[in-house]
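Report on the structure
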Number of protein chains: 2
Amino acid sequence: MSNKVLIIGGVAGGASAAARLRRVDEDAEIIMFERGEYISFANCGLPYYIGNVIDDRSKLLLQTPEAFNARFNVDVRVQNEVTAINVTDKTVTVKNHVKGETYEESYDKLVISTGSSPLRPPIPGIDAKNIFTIWNIPDTDGIKNYIESHQVKKAAVIGGGFIGVEMAENLHELGIEVSIIEMANQVMAPVDFDMAQYLHKHIESKDVDLVLEDGVKEFISDGKKTTVVTNTGKHIEADLIILSIGVRPNSQLAKDAGLKLNDRGGIVVDDSLLTSDPHIYAVGDVIEVEDYINKVPTMVPLAGPANKQGRMVANNIVGAKEKYNGTQGTSVAKVFDLTVANTGANEKTLNRLGKVYGKDYLTIQIHPNNHAGYYPGPQQMHFKLIFEIPSGKVLGAQIVGGEGSDKRVDVVAASIRFGATVYDLKELELAYAPPFSSGKDPVNMAGFTACNILDGDQEIIRSEDLDSLDPEKNLILDVRTSVEKTLGYIPGSINIPIDELRDRISELDKNKTIIVSCAVGVRAWIAVRILTQKGFKAKNLTGGFTAYSALYY
Amino acid sequence: MSNKVLIIGGVAGGASAAARLRRVDEDAEIIMFERGEYISFANCGLPYYIGNVIDDRSKLLLQTPEAFNARFNVDVRVQNEVTAINVTDKTVTVKNHVKGETYEESYDKLVISTGSSPLRPPIPGIDAKNIFTIWNIPDTDGIKNYIESHQVKKAAVIGGGFIGVEMAENLHELGIEVSIIEMANQVMAPVDFDMAQYLHKHIESKDVDLVLEDGVKEFISDGKKTTVVTNTGKHIEADLIILSIGVRPNSQLAKDAGLKLNDRGGIVVDDSLLTSDPHIYAVGDVIEVEDYINKVPTMVPLAGPANKQGRMVANNIVGAKEKYNGTQGTSVAKVFDLTVANTGANEKTLNRLGKVYGKDYLTIQIHPNNHAGYYPGPQQMHFKLIFEIPSGKVLGAQIVGGEGSDKRVDVVAASIRFGATVYDLKELELAYAPPFSSGKDPVNMAGFTACNILDGDQEIIRSEDLDSLDPEKNLILDVRTSVEKTLGYIPGSINIPIDELRDRISELDKNKTIIVSCAVGVRAWIAVRILTQKGFKAKNLTGGFTAYSALYY
Ligand SMILES: Cc1cc2nc3c(=O)[nH]c(=O)nc-3n(C[C@H](O)[C@H](O)[C@H](O)COP(=O)(O)OP(=O)(O)OC[C@H]3O[C@@H](n4cnc5c(N)ncnc54)[C@H](O)[C@@H]3O)c2cc1C
Ligand SMILES: Cc1cc2nc3c(=O)[nH]c(=O)nc-3n(C[C@H](O)[C@H](O)[C@H](O)COP(=O)(O)OP(=O)(O)OC[C@H]3O[C@@H](n4cnc5c(N)ncnc54)[C@H](O)[C@@H]3O)c2cc1C
Ligand SMILES: CC(C)(COP(=O)(O)OP(=O)(O)OC[C@H]1O[C@@H](n2cnc3c(N)ncnc32)[C@H](O)[C@@H]1OP(=O)(O)O)[C@@H](O)C(=O)NCCC(=O)NCCS
Ligand SMILES: CC(C)(COP(=O)(O)OP(=O)(O)OC[C@H]1O[C@@H](n2cnc3c(N)ncnc32)[C@H](O)[C@@H]1OP(=O)(O)O)[C@@H](O)C(=O)NCCC(=O)NCCS
């Protein structure tokens, strides 16, 4: 059977599909079209090349057209843009930008991996020559050249997603003063606000100016500098501006061809990654996927899914019946000295889908060390676990911390894939030696803490819910030592150190609910157990003063 | 209901049980007996304290008897040794070593967490004062004092288990010349020989003298130095000798009380961790557990299981019905600059149980980087995956590498807990950004590689099987570049770089099986696909020249 496969897009999804397809079908005719000059480049490395963390530009190019052809016998056509898909003829129209010619190419199967492009909305002044987006090699060269040939002392990054934050970090690395301007009340949308607060504090500690809940109204340029005027009227002057406020799928081609799209422009595919046309597959940033947790359609523009979808499509083209089971949105980013990682659903998504805290799901925050505290250099992580009630099914995890944060998120990510409950998490047998973990790993700890709630052994309350408490009916009990209290405390709390609680329990009012707080929640948990078993109504402030002070920092 | 619980042993399992029991039962009477002077100490940190990596002795003491009592209202009795369990009376006999008195204490429930002790076999000369075992704080103080008060220039560590290797590393850290003497053909028994070879090479690169397949015949001391005389007649002179050749469970008490033991002296418990006596539970190093993979009895003296069993027993004492589902043997150790980690079954165990490579299970070796190669400081890991055939069920994983090795083992460890197959591994959605991983994580890669075999797309062969190949029927084809070949190659192999293979395929003999080898197996996989689809019989040398050269280094 003849098998001529055309692939549109030569980077993550496209190149992966081409390489895999060659391995599973030595005889297929494979043509890969890429409108840009480069294929197989490391999109994800671009910010680090700007910051000179990656010093060698050639490292960004994982493959060249020639090498890819030599290795995979794939006809790689760079600077060849597919301008139309003609579904009835099963051909594509291609514009060769080098020769200036247009031609047609027929296919048996077509793979669309056109990715997404950064948004560049029609904000007044957006065409100033020092306003860049960062998406590919030419963008990156442009930014790098601009920095090298201009006196860039001050930069503004519009958008606090992972690319914006990575850019801020890398510009800062170059000694450039940086502002981040973000419309939402937080950076790093995949995590919730309570977790983002740890990042905000850290970013500010690096002398990066963080402007939240404010958007760009206009850019005013004087030819050298550009002033960002925000909706609230702030004026932020910068020599360089990076725009990274989101992406839109490159699906115009698909739309014009009559393929089914969702309302965000994402190509709709079935679970074999086939579009509404039986000869056309699509993968990567351009498609809609199923949210693995909530089973609703979503778009997750990340490299892991794109690469794996590319591989899967190749298999399906040669007759496999592989199913794509949805995307969890597992992701990670380095934010200066911290790591932020997450998997599964966050609260914002759950709430948008109508799920209610306390009714449908619960969250805990714990703050374990990445490894044994007695071994040098333990790093505390802030670990939020979201689980369904009453089933205990793990819905998501978010961690902000140092080394080992990515590890715990990956362990939860794997567990989620198997439908884990918090009861499963406490049983996981993870590797322990002092430099790597503790006898009870943070993931186990999260499991224990969650099970203690599900089993009815403790009730918890979140920092954000403290404000609405009636002081007549509630009492905040701080069970830290008095020395710790001098470092900060929750207004209105009374202090009885945990080790004195049994003796001083009579000082407490049995008619009030006792909200117990300590540094992270461990001593408060012990206190809650003492109190409830002695007839008090008590709740543990989840995450303790660490969570509280981060939330209100 | 009165609840008087006695706990024998005040460290990992015992102290965990006591702390948890107090939380679940504020009114229980809890007495914890510890024959030594210390409770809750960090056994696992002891080698690092010797090496001054942990500089503060007090950090090793996670709890003191006083603090533990203040926090948990547990009657902690150090230097109180339980000398008998009287099951009919439900009492224990206790020797108070401070007062020199003996007394009895009654119980409703008893928890045995007496741990294990290092073996000290009756080798001639073993009582020399410079021969130490390392198990607790006094041992550690003894070694540290000896080093400080004697001119220790040369040490010999007998036994290459994780404690022996950690001790070797820490003594080396102090500038002491070290020999490791190990009876088996490898260090670190939890991994197989092929993986241990990476460690051997690394240990020797640190100028540690590694003596394998040799045991100690006798020790000859001159009052200052001791000479280790080995079975093969080697004489190794040392100022200090650390004996770490294994442990035996501290089960004499249980044996005398008539509790059921296995033939290695391990206390037999049911899945609620109850011994053969309905009032006595046992946890930790002293018990027999079920091997999670093979469902056979085994003993796994590790802190993770001990801590979790201690917690579980406390729950069961107050009426929970928690089941202990077995131990996978997940473990990790730092070996100088490398990490060695493993989970599940190794080949040695499988073979002992009669499982045969190629019939019951297969193994692959891959060598991915811990993170994107273009981001600074990628570290290659050596990753062995063991899986059942034809089901693909993951049986075990072993990794020797740098940073991130523990992460991948933990991800596989979690997956194993859910009965994962290699098909599941390829789907796991793990966190990717350049500093942390690749779009296809090493765990995914292991999944892909294994599935390629199960799906019939490639056959593999192991380095150790090359010797037995008939050169008349087989040909070793090296598809690396000729430059790579100058760094070493498999004797008898012919070289056709992968990118020339399609053009030069006619040079190959179709009557022979082509064993394809490259650096790690990736290019060989591509070659295997080309060859088999062109009518050749081909096999991939798993792990490539990296595995081969490590095996025969
Ligand atoms: C700066 C940056 C950092 C990132 N960091 C991370 C990270 O840390 N982790 C992570 O998971 N993801 C990261 N990503 C996202 C990741 O790179 C994308 O999710 C992934 O590349 C998507 O793969 P894709 O194949 O869908 O699209 P792409 O890899 O973008 O490839 C699409 C290609 O198609 C070409 N194309 C489009 N239309 C046509 C046409 N009509 N004809 C011919 N060619 C066409 C485009 O030129 C483009 O090269 C990052 C992205 C960027 C830009
Ligand atoms: C040097 C070293 C390094 C280690 N490193 C690691 C590691 O990196 N990772 C890992 O997972 N594991 C490690 N371990 C193993 C881990 O420490 C043990 O598996 C764990 O401590 C076992 O817990 P347990 O409660 O069974 O026994 P233990 O923690 O040993 O406690 C048993 C206690 O019982 C007391 N006892 C015994 N008999 C009596 C009696 N009759 N009356 C009163 N008291 C009694 C003993 O004195 C002892 O203190 C290490 C161990 C050592 C020694
Ligand atoms: C590099 C690129 C061309 C992919 O090519 P690829 O050949 O599929 O590369 P991979 O490393 O994923 O594949 C390795 C192959 O070797 C196999 N393999 C890996 N180690 C092996 C080993 N030791 N033995 C045998 N096979 C092995 C894998 O199974 C895989 O083959 P398969 O997919 O057929 O199962 C494509 O991913 C790309 O262009 N990437 C750059 C762009 C990008 O991803 N950007 C976003 C992130 S920055
Ligand atoms: C320290 C030791 C006494 C254990 O005491 P412990 O109080 O059970 O300590 P842990 O840290 O395990 O327990 C923390 C508790 O707080 C809970 N917790 C943790 N973070 C929490 C948070 N943020 N909010 C609420 N609860 C939290 C956990 O669920 C756990 O309670 P649980 O077991 O009742 O569910 C015991 O492990 C010990 O002696 N260790 C030293 C010896 C040893 O382990 N050696 C081998 C390794 S070196």
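Report on the accompanying structure. (Residues numbered from 1 in each chain as written. Chains lettered and ligands numbered in written order. Predicted model: local features only at pLDDT ≥ 70, side-chain atom pairs only at ≥ 80, totals over all residues. Heavy atoms only, no water.)

Some details on the pattern of salt bridges
Residue and element names in this part refer to chain A. Evaluated as defined, the whole model comprises 66 salt bridges over all chains. Of the charged contacts, one joins aspartate 478 and arginine 480 as a salt bridge, the two residues approaching to 2.8 Å between their closest N and O atoms. Two residues, arginine 523 and glutamate 484, come together in a salt bridge whose shortest N-O distance is 2.8 Å. Highlighted residues: arginine 523 in helix H15 (residues 522-533) and glutamate 484 in helix H13 (residues 482-485), separated in sequence by 39 residues. Residues joined by salt bridges that share partners form a network here, namely Asp192, Asp194, Glu347, Lys384, Arg462, Glu464 and Asp465. (Salt bridge = Lys/Arg side-chain N within 4 Å of Asp/Glu carboxyl O. Helix = DSSP H or I, 4+ residues; strand = E, 2+ residues; numbered from the N terminus.)

Observations concerning the interface of chain A and chain B
Taken residue by residue, the interface counts 80 residues in chain A and 80 residues in chain B. For the pairing of chain A and chain B, the buried interface totals around 7,400 Å² over both sides, and the portion due to carbon and sulfur atoms is 56%. Area buried by chain A at its contact with chain B is led by Tyr374, Phe418 and Glu429 of chain A, which between them contribute 12% of it. Applying the counting criterion to the chain A and chain B interface returns 16 salt bridges. Here lysine 426 of chain A and glutamate 322 of chain B are joined by a salt bridge, their closest N and O atoms 3.5 Å apart. Where chain A touches chain B, the interface holds 36 residue pairs in polar contact (both at pLDDT 80 or more). The element contributing the most residues to the side of chain A that touches chain B is helix H10 (residues 405-417) of chain A, with eight residues. (Contact = heavy atoms within 4.5 Å. Buried area = accessible area lost by both parts, 1.4 Å probe. Polar contact = N/O pair within 3.5 Å; in protein donor to acceptor, adjacent residues only side chain to side chain.)

Examining the site of ligand 4
Near ligand 4 there are 32 residues, and of these Lys440 of chain A together with Arg20, Arg23, Ser40 and Arg311 of chain B occur at the shortest range. Per-site note: the chains with residues close to ligand 4 are chains A and B. The side chain of threonine 449 of chain A places a nitrogen or oxygen atom 3.5 Å from a nitrogen atom of ligand 4. Here serine 16 of chain B contributes a side-chain N or O atom positioned 3.1 Å from an oxygen atom of ligand 4. Burial of ligand 4 by the protein chains amounts to 89% of its free accessible area of 960 Å². The set of elements that each furnish at least two residues to the shell around ligand 4 consists of strand E23 (361-366), helix H12 (442-454) and H15 of chain A together with helix H1 (12-24), helix H3 (65-72) and helix H8 (303-317) of chain B. By residue class, the composition of the shell around ligand 4 is 19 nonpolar, nine polar and four charged. (Near = heavy atom within 4 Å. Areas by Shrake-Rupley, 256 points an atom, 1.4 Å probe, with all protein chains shown as cover. Nonpolar A, V, L, I, M, F, W, Y, C, P; charged D, E, K, R; others polar.)

Comments concerning a negative patch on the surface
Judged by side-chain charge, Glu177, Glu204, Asp207 and Asp209 of chain A come together as a negatively charged surface patch. Mapped onto the secondary structure, aspartate 209 of chain A falls in strand E12 (residues 209-211). (Patch = residues over 30% accessible without salt bridge, like charges linked within 9 Å, V, L, I, M, F, W, Y side chains within 5 Å. Lys, Arg positive; Asp, Glu negative; His and termini not counted. Charge placed at Lys NZ, Arg CZ, Asp CG, Glu CD.)

Here's the deal with the sheet that holds strand E27 (residues 474-478) of chain A
All names here are of chain A. Here we have five strands laid out as an open sheet, ordered E26-E30-E29-E27-E28, and parallel in their pairing. Where the open sheet ends on each side, the last strands, each with one partner, are strand E26 (459-461) and strand E28 (494-495). Bridge count for E26 against strand E30 (residues 537-541) is three bridges, and the pairing is parallel. Paired with isoleucine 461 across the bridge in E30 is leucine 541. Where H15 meets the sheet, its contacts fall on E27, strand E29 (513-517) and E30, and the angle it forms with E30 comes to roughly 175 degrees. (Pairing = 2+ DSSP bridges. Axes fitted to C-alpha atoms, helices over the stretch in contact; angles between N-to-C directions.)

Looking at the sheet that holds strand E21 (residues 331-335) of chain A
All names here are of chain A. Pairing in this open sheet of five strands is antiparallel, and the strands run E21-E22-E25-E24-E23 from one edge to the other. Of all strands in the sheet, those bounded by a partner on one side alone are E21 and E23. Each strand axis lies, on average, 10 degrees off the axis of its neighbour in the sheet, ignoring direction.

Brief notes about helix H10 (residues 405-417) of chain B
All names here are of chain B. A rise of 1.5 Å per residue sets the reference length of H10, with its 13 residues, at 18 Å; its end C-alpha atoms lie 19 Å apart and thus fit the reference within 8%. Of all 13 residues in H10, 13 are buried; the element is thus mostly enclosed. Following H10 by one or two positions, glycine 419 adopts a phi angle in the positive range, close to 70 degrees. (Expected span 1.5 Å × (residues − 1). Buried < 20%, exposed > 50% of the residue type's maximum accessible area, 1.4 Å probe, protein only.)

With respect to empty space enclosed by the protein
One pass over the structure, following the stated rule, counts five cavities of 30 Å³ or more. The computed volume of the largest cavity comes to approximately 160 Å³. What lines the largest cavity is a set of 14 residues, among which Lys426 and Glu427 of chain A together with Lys308, Met312 and Tyr324 of chain B lie closest to the centre. Counting only elements with at least two residues in the lining of the largest cavity, the list comes to helix H11 (422-427) of chain A together with H8 of chain B. Counting residues per element, the lining of the largest cavity draws most heavily on H8 of chain B, at four residues. Its residues assigned to classes, the lining of the largest cavity comprises four nonpolar, two polar and eight charged. (1 Å grid on protein atoms, 1.4 Å probe; cavity = no way out; pocket = protein on both sides within 12 Å on 5 of 7 lines; lining within 4 Å. Points joined across faces, edges and corners; volume = space filled by probe spheres on them.)

Some words on the nonpolar core
Counting 82 residues, the largest nonpolar core has Phe383 and Leu385 of chain A together with Phe383 and Leu385 of chain B as the members making the most contacts within it. Residues in contact with leucine 385 of chain B, not counting those within four places in the same chain, are Leu362, Thr363, Ile364, Val394, Gly396, Ala397, Val422, Leu425, Ala446 and Ala450 of chain B. (Core = buried A, V, L, I, M, F, W, Y, C linked by side-chain atoms within 4.5 Å.)

Here's the deal with the site of ligand 1
As a matter of local geometry, ligand 1 sits amid 32 residues, with Gly13, Glu34, Ser113, Asp285 and Ala303 of chain A nearest to it. Chains contributing residues near ligand 1 are chains A and B. In the model, an oxygen atom of ligand 1 is placed 3.2 Å from a nitrogen or oxygen of the asparagine 43 of chain A side chain. One nitrogen or oxygen atom from the side chain of serine 113 of chain A is found 2.9 Å from an oxygen atom belonging to ligand 1. Summarising the interface, the protein chains cover 96% of the accessible area of ligand 1, which totals 980 Å² for the free molecule. Contributions of two or more residues to the shell around ligand 1 are made by helix H1 (12-24), strand E2 (29-34), strand E4 (80-86), helix H5 (162-173) and helix H8 (303-317) of chain A. Of the residues in the shell around ligand 1, the class split is 19 nonpolar, nine polar and four charged.

A few points about the environment of aspartate 239 of chain A
Residue and element names in this part refer to chain A. Locating aspartate 239 in the fold gives a position in the loop between strand E15 (235-238) and strand E16 (240-243). Judged by its relative accessible area of 7%, aspartate 239 is buried. Measuring from C-alpha to C-alpha, the distance between aspartate 239 and lysine 225 comes to 4.8 Å, with 14 residues separating the pair along the chain. Among residues more than four places away in sequence, those in contact with aspartate 239 are Asn130, Tyr146, Gln151, Val152, Lys153, Lys154, Lys224 and Lys225. A distance of 2.7 Å separates a polar atom in the side chain of aspartate 239 from a polar atom in the side chain of lysine 225.

A look at the state of the cysteines
All names here are of chain B. Within this structure, the stated rule accounts for zero disulfides over all chains. Free cysteine: cysteine 518, not disulfide-bonded; nearest cysteine sulfur from cysteine 451 at 19 Å. The exposure class of cysteine 518 is buried, given its relative accessible area of 1%. (Disulfide = S-S within 2.5 Å.)

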